[in-house]
Amino acid sequence: MAVNRMFRTCPASGLLFHEPAEKLMRFHAVAAVVSLLIGGILAIGVVLTRWQAIHLLPPDLFYQVLTAHGLNMLVFWIIFFEMAVLYFAGSTLLRSRLATPRIAWAAFWLMVIGALVNNYSVFRGDSSVMFTSYAPMGAHPTFYLGLILFAVGALVSCFVFLGTLVVARAERTYRGSIPLVTFGALTACIIAIFTIAAGAIILIPTFFWSVGLIDHIDSLMYKTVWWAFGHSSQQINVAAHVSVWYAVAAIVFGAKPMSEKVSRGAFLLYIFFLQLASAHHLLVDPGLTSNWKIFNTSYAMYLAVLASMVHGLTVPGAIEVAQREKGHNQGLFTWLRRAPWGNPVFSAMFISLIGFGFLGGISGVMMGTEQLNMIIHNTIYVPGHFHATVVVGTTLAFMGLTYFLIPVLFRREVMFPGMAKWQPYVFGLGMSAVSLFLMGAGTLGVPRRHWDISFAGNPFPYEFPGAAWLMMALAGISGLIAIVGGGMYLLITVGSVFLGKKIVTPGFQHVRARENVAAIPAAAPVITSHGSIGAGGMVAPGTFVLAMVFLAAFVLYYFINWKYLSTVWPLK
Amino acid sequence: MSALLPPAEQVWWKQPLDRVELIWIVIALIWCLIMFFMMPYWHIYGKQNLSNEAYRARPEEYAKKAEDMIAKYKVREEGGDLKVPVVHPPAGSDVYLIARLWSWSPMLELEAGKSYRIHLMSMDWLHGFSLQPENINIQVHPGYEHVVTVTPGSPGTYSIICNEYCGINHHTMTSRLYVVK
Amino acid sequence: MATQGFEEDVPEEPVPAMQQLLDNPFLLLFIGIAMPTVLYIVWGVMEIVSLPIAK
C-alpha cells in the first residue's frame, strides 16, 4: 500500500498536519476526554462520600467508584492525551509523515479495548482493588488483562513516535536538532517505555496468578516492581506537561527557550533519574535497606528535582524575555501583569506551573524524604499531593492545550468563549484548594482510601480532631468547585468538537508532501544579546524573584516538617 | 515559536548561559544536596528512623510467637465479646503485633520512656500500621517480619488504625495502644 | 515524489559530544531504561531476595 503523504497547513498557526496523524490525534483526544468524563462523574461519588457530613455511598460502592475514578483519570485520560501529544510533537512539529499509521490505529484500538475491559472488570464489582491492586488482594482476571492490553497499545504508540523521528530524520524534514517540545515528548516517550516494561514484568504474572496458573505472588516484590510502573506512569506526565508548558509559551508569546542547553539538559536529568522516585512508595516498607531508599527516593541526590526547578525558571523566564522584548519592560512584574490572563491557553498553563511547583513539587519532596515519609505515608496527604501534580499540573496543562487544539486540530471555533475564559480559574483554584485541605487533613493523620473516619459502630473507635473534620469538609466543598470546573471544560470541548462552528478555509485541500505546502518559516534570528531588557544584569529578573520566593517557601516548609518529625516517638 | 522549531543554531551546546539561569542552577543544586544529606544526617543524629531489620517469615510461625507472648504477658481482655487480649510486656522485650483482616492482635500496654522491639507482620493482605494521634505510619506486609524499636512518649490512650486499603471492612480495623507510667 | 527535504547538514564546527548524545534518541532510550532497571528494580529485588529467614 502506498504511503499516505497528504498534508494540510493550518491557516491560523502555520502548522503542518499529516492526514493520518491528524485523524489519530483527534481520536486519541476524544478517547481521552471520554475517560475524563467518566472519571469526573465518579469523582462526585468520591468527594461526597469522604465529606463525612454527606457520606453518600455505602462502602462497597465507594471503593468500587474510587478504583474506577483512579484508573480512568490516572491511566486512561492522561495516556490517551499523551499519545496525541506524542503524535503532535513527532509528526506535526517535525513536519513529517507519521510512521506506520495502520499500526498506530491498531495500537489505538488496543488501548480502547484495554480501557473498556478494565472498566468492565471494576464495574462487575469484584475488582475494587484500587489503582494499585496490591497482591495478594486479587481482582478478576479481566482487570489485569485490560491493563495489559492498554499498556501494549501505548507501547506500540511509543514506537510509532520513535519511528516517526527516524522517518523525519531520513527524509530530512527538519534541520539540525529536533525542537525542544519534541525533545520533551521524547523524554516522556522514553519514560513511558520503561513504565510499560515494568508493568508487563509484574502484571503478566499477576494475570496468570488470577487465573490460577501461578499460585503465589509475593507482596513486597509486587509492590516494588508495581511502583516502577505506577509512579513512572506519573513521571510520563511530568515530562509531557513540561513540554506543553514550553509549547504554550511559544504559541502564546512566541517565546524562545532561554537556552537550549539548559532546558534539554534538564530533560536529560529526567531521563536519567526521574523514574528512581518509584521508591517514594516503599519508604516505610520492610526488607529494603536505607541505602536503597535514600538513593532512589532522592532521584540520586535530587537531580530530577533540580531539573524541575530549572524548568520552573526557564519557562516563565522565556515568557518574561519575550514580553520585555515586546516593550513590557518596566519594573519587575509588568510583563506578568500584562500577560493575556483572559486567554485560557495561557491562564491554564500558568496556574498549572504555579500549582505544580508550589503545591505538588514541594509536597512531593516532603513525602519522598525517607524519614518524613513516616508521618505522611498512606495518609490523605498523598492524594493531596498528587491532585496538585497530576490534576493541577498535568490535567490543567492539557486543558489549556485543548483550547489551542480545538481550532487548529478540529477546525472548530471554541464554544462558550466567556466560560472558557473562567474555566482554568474555577478548575485550577478549586483543585488547588482540594490539595491544600487534603494535605492539612493528612498532617492530622486522616487515612486515604478510607470509607468512614468516624469509625461508627467500631469497638475501638478513634476520634479525629475537629480540625481534621473541618479540613475534609472544606476539601469536599473545593472538590465540588473543581468538578464544576471540569464540567465546564467537558461542556466546552465536547460542544465545540461536535457542534462548534466549523472553520472553513476557502480552497482548502490536503496536498502531497512539500508541493504547495507553505514555506517553512525562516529560522528566527539568533539573539546573542538581549540589549537593554531586564535589570541587574539579568534578562528575567522578575522570574528570578519568583524563583527565590519559591525557594524560601520550599526551605521553610521542609524544615517545619523535620521539626514536626522530631516531636514524634523515637524509633529506630 | 521557537520551542516548536528546531534550534536556530546547528551547534547550540556551546551557547553561553544567561546569568539568571546560571545563578539559579547553582542555588538549586546546593539546596538539592542539602536535602540529600539531611537523610543520612538524621540517621546519625535524629531519633526517628525506621530500622533495616526485617525477615522473611511464615504466617503460622509468626502467629505462634505472638500467641506465646500473649500467654505470657496477658493482663486482661477488652472489647466485650471480642475478647481482645491486652498484654503488658516488660521493657526491652520483643512484642509481636498481628495484622489480619480486619483486626489487630494483641492490644499493647507499654510504659512511657521504655523501649520495645515491636514486630509487625500481616497474616493475609497488605495492611497499614497507623498510630494516632502520633501519626506514625508503617506498611505491614504478609510474609515479612519488620522489627521496629519504639520508645513511647507521654502516657495516654492511643489508637492503631489500618491505613492500607484492605477490603470492605477496612474502616473497622482499629485497635488501641495504652501508654502507662 | 517531491520529498526533497533539507540538504545534508554540514555543521560549520564539530558537534560537541553532549549535543550528539542529546540528538540520539535511541542512545537516550537505552540509558533511560538501563538506569532505573539497574538502580531501582535489580538493586531492590536483590535486597528483597537476600533477606534472612526469621529465627
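Here, residues in each chain are numbered from 1, in the same order as that chain's written sequence. Lettering for chains starts from A, numbering for ligands starts from 1, and both go in the order in which the items are written. The predicted origin of the model limits local features to residues at a pLDDT of at least 70 and limits the giving and counting of side-chain atom pairs to 80 or more, whereas totals for whole chains, interfaces and linings rest on all residues. In computing side-chain values, all of the structure's heavy atoms are included and hydrogens and water are not.

Draft legend 1. Fine view of the overall build of chain C. Only DSSP runs of H or I reaching four residues or more are called helices, and only runs of E reaching two or more are called strands; each is numbered from the N terminus. Helix and strand content of chain C: 2 helices and 0 strands. Working definition: with a 1.4 Å probe on protein chains only, accessible area under 20% of the residue-type maximum means buried, over 50% means exposed, and in between means partly exposed. With 55 residues in all, chain C has 33% of them scored as buried. Throughout, the Shrake-Rupley method with a 1.4 Å probe supplies accessible areas, and for residues the shown protein chains are the sole cover considered. Of the roughly 3,200 Å² that chain C leaves accessible, carbon and sulfur atoms contribute 71%.

Draft legend 2. Focus on the overall build of chain A. Helix and strand counts for chain A stand at 15 helices and 3 strands. To get the radius of gyration, use the C-alpha atoms; to get the globule rule, take the number of residues to the power 0.38 and multiply by 2.2 Å. For 572 residues, the compact-globule estimate of 2.2 N^0.38 gives 25 Å, and the C-alpha radius of gyration of chain A, at 24 Å, lies within 12% of that figure. Per-residue burial over chain A gives 66% buried out of 572 residues. Working rule for contacts: check all heavy atoms of both residues, and any pair within 4.5 Å makes them a contact. A separation of at least 24 residues holds for 82% of the contacts in chain A among residues at least 6 apart in sequence. Carbon and sulfur atoms make up 71% of the accessible area of chain A, which totals about 18,300 Å². Taken as two groups, the 32 positive and 17 negative side-chain charges of chain A have centres that lie 12 Å from each other. Neither His nor the chain termini are counted; the positive set is Lys and Arg, and the negative set is Asp and Glu. Note that the charge is assigned to NZ on lysines, CZ on arginines, CG on aspartates and CD on glutamates.

Draft legend 3. Highlighting empty space enclosed by the protein. Cavity: a set of points on a 1 Å grid over the protein atoms alone where a 1.4 Å probe fits but cannot get out. Pocket: an open set with protein on both sides within 12 Å along at least five of seven lines, its lining residues, like those of a cavity, having an atom within 4 Å of a point. Grid points are joined across faces, edges and corners, and a volume is the space filled by probe spheres set on the points. Scanning all chains against the criterion turns up 6 cavities of 30 Å³ or more. For the lining of the largest cavity, the elements supplying multiple residues, two or more each, are β7 (116-122), β8 (127-132), β9 (136-140) and β10 (144-150) of chain B. Residues are sorted three ways: Asp, Glu, Lys and Arg are charged, Ala, Val, Leu, Ile, Met, Phe, Trp, Tyr, Cys and Pro are nonpolar, and all the rest, Gly among them, are polar. Per-class residue counts for the lining of the largest cavity are 11 nonpolar, no polar and no charged. Lining the second largest cavity are A:Val75, A:Ile79, A:Leu147, A:Phe150, A:Ala151, A:Ala154, A:Thr195, A:Ile196, A:Phe229, A:Ser233 and A:Ile236. Looking at the lining of the second largest cavity, the elements with two or more residues in it are α2 (59-94), α4 (141-170), α5 (180-210) and α6 (219-253) of chain A.

Draft legend 4. Representation of the environment of A:Val390. All names here are of chain A. Here valine 390 is to be found in helix α12 (residues 381-409). Taking the relative accessible area as the measure of exposure, valine 390 reaches 6% and is therefore buried. Sequence separation of valine 390 and alanine 441 is 51 residues, and the distance between their C-alpha atoms is 19 Å. Beyond its immediate chain neighbours, meaning those up to four positions away, valine 390 contacts Leu74, Ile78, Gln234, Asn237 and Thr395.

Draft legend 5. Local environment of the interface of chain C and chain A. Each partner contributes residues to the interface: chain C has 34 residues there, and chain A has 46 residues. A simple way to read buried area is as the amount of 1.4 Å-probe accessible surface that goes missing from two parts once joined, with both sides added. Summed over both partners, the interface of chain C with chain A comes to about 3,600 Å²; 72% of that surface belongs to carbon and sulfur atoms. For this document, the term salt bridge refers to a Lys or Arg side-chain nitrogen within 4 Å of an Asp or Glu carboxyl oxygen. There are 0 salt bridges connecting chain C and chain A. In protein, a polar contact means a hydrogen-donor-capable atom and an acceptor-capable atom, both N or O and within 3.5 Å, with residues adjacent in sequence counting only if both atoms are side-chain atoms; elsewhere, any N or O pair within 3.5 Å suffices. Our count for the contact surface shared by chain C and chain A stands at 7 residue pairs in polar contact (both at pLDDT 80 or more). Per-element accounting of the side of chain C that touches chain A gives the leading share, 19 residues, to helix α2 (residues 25-49) of chain C. Of the residues in the side of chain C that touches chain A, the class split is 22 nonpolar, 7 polar and 5 charged.

Draft legend 6. Region of the structure containing the interface of chain A and chain B. Each side of the interface is counted separately: chain A has 110 residues, and chain B has 88 residues. Taking both sides of the interface into account, the surface hidden between chain A and chain B amounts to around 9,100 Å²; carbon and sulfur atoms contribute 69%. In this structure, the salt-bridge partner of A:Arg449 is B:Glu164, at a minimum N-O distance of 3.8 Å. For the pair chain A and chain B, the number of links is 41 residue pairs in polar contact (both at pLDDT 80 or more). Of all the secondary structure elements, the ones that give two or more residues to the side of chain A that touches chain B are α2, α5, α6, α7 (260-273), α8 (290-297), α9 (299-325), α13 (417-443) and α15 (541-566) of chain A. If you tally residues by element for the side of chain A that touches chain B, the top one is α15(A), at 13 residues.

Draft legend 7. Quick peek at the environment of A:Thr389. Residues and elements named next belong to chain A. Inspection of the secondary structure assignment puts threonine 389 in helix α12. Residue classification places threonine 389 among the buried residues on the basis of a relative accessible area of 13%. For the pair threonine 389 and serine 133, spaced 256 residues apart in the sequence, the C-alpha separation amounts to 22 Å. Excluding residues within four positions of it along the chain, threonine 389 makes contact with His241, Phe356, Gly360 and Thr394. A polar side-chain atom of threonine 389 sits 3.2 Å from the main-chain carbonyl oxygen of phenylalanine 386.

Draft legend 8. Structural detail: the sheet that holds strand β1 (residues 6-9) of chain A. Residues and elements named next belong to chain A. Pairing is antiparallel across the open sheet formed by 3 strands, whose spatial order is β2-β1-β3. Of all strands in the sheet, those with a lone pairing partner are β2 (16-18) and β3 (511-512), marking the two edges. Taken together, the 2 bridges between β1 and β3 define a ladder with antiparallel strand orientation. Opposite phenylalanine 7, over in β3, you have valine 511 as the bridge partner. The strands that helix α1 (residues 19-50) touches are β1 and β2; relative to β2, the one it contacts most, it runs at about 85°. Pairing between two strands requires that DSSP report at least two bridges joining them. All axes are obtained by fitting lines to C-alpha atoms, using only the stretch in contact for helices, and the reported angles, taken between N-to-C directions, cover 0 to 180 degrees.

Draft legend 9. Inspection of the state of the cysteines at higher detail. All names here are of chain A. The definition used for a disulfide is geometric: two cysteine sulfur atoms within 2.5 Å. In total, this model carries 0 disulfides over all chains according to the counting rule given. Its sulfur unpaired, cysteine 189 is 4.1 Å from the next cysteine sulfur, which belongs to cysteine 158. The buried category is assigned to cysteine 189, whose relative accessible area is 1%.

Draft legend 10. Expanded view of unusual backbone geometry. In this model, B:Ser105 is joined to B:Pro106 through a cis peptide bond whose omega is -10°. Turning to its location among the elements, B:Pro106 is positioned in the loop between β5 (103-105) and β6 (107-111). At the junction of B:Gln132 and B:Pro133, the peptide bond is cis and its omega measures out at 0° in the coordinates. By the secondary structure assignment, B:Pro133 is in the loop between β8 and β9. For A:Arg95, which is not glycine, the phi torsion reads 55° and is therefore positive. Along the chain, the position of A:Arg95 falls in the loop between α2 and α3 (101-124). If you check the backbone angles, A:Met130 has positive phi at about 70° while not being a glycine. On the basis of relative accessibility, which here comes to 2%, the residue A:Met130 falls in the buried class.

Draft legend 11. Focus on the sheet that holds β10(B). All names here are of chain B. In space, the 5 strands of this open sheet follow the order β1-β10-β7-β4-β5, with mixed pairing throughout. Both outer strands of the open sheet, β1 (54-56) and β5, are each paired with one neighbouring strand and no more. Direction aside, neighbouring strands of the sheet carry axes that sit 20° apart on average. Pairing between β1 and β10: 3 bridges, direction antiparallel. Across the sheet, arginine 56 pairs through a bridge with tyrosine 144, a residue of β10. Sitting on the sheet, helix α2 (residues 59-73) is in contact with β4 (94-100), β5, β7 and β10, with an inclination near 125° to β4.

Draft legend 12. Structural context of α9(A). Residue and element names in this part refer to chain A. Multiplying 1.5 Å by the residue count of a helix minus one yields the expected span of that helix. Taking 1.5 Å per residue, 27 residues should reach 39 Å; α9 reaches 37 Å between its end C-alpha atoms and fits that length. Burial analysis of α9 places 23 of its 27 residues in the buried class, the great majority of the element. At the exit of α9 stands glycine 327, carrying a positive phi of roughly 115°.

Draft legend 13. Structural context of the packing of α4(A) against α5(A). All names here are of chain A. Packing of α4 against α5 leaves a shortest axis separation of 9 Å and a crossing angle of 150°. By the angle between their axes, α4 is roughly antiparallel relative to α5. In the crossing of α4 with α5, the sense of the turn from one axis to the other is left-handed. Residue composition of the contact of α4 with α5, by class: 23 nonpolar, 3 polar and no charged. To sort the angles, those under 35 degrees are grouped as roughly parallel, those over 145 as roughly antiparallel, those from 65 to 115 as roughly perpendicular, and the leftovers as oblique. Definitions for this section: a left-handed crossing has its near helix turned counterclockwise from the far helix by less than a right angle. A right-handed crossing has that turn clockwise.

Draft legend 14. Highlighting the confidence of the model for chain A. For every residue, the pLDDT score states the predictor's confidence, bounded by 0 at the bottom and 100 at the top. On average, chain A scores 93 in pLDDT, and the residues at 70 or more come to 96%. Below pLDDT 50 for its whole length, residues 522-526 of chain A participates in 4 contacts with residues either more than four positions away or in separate chains.

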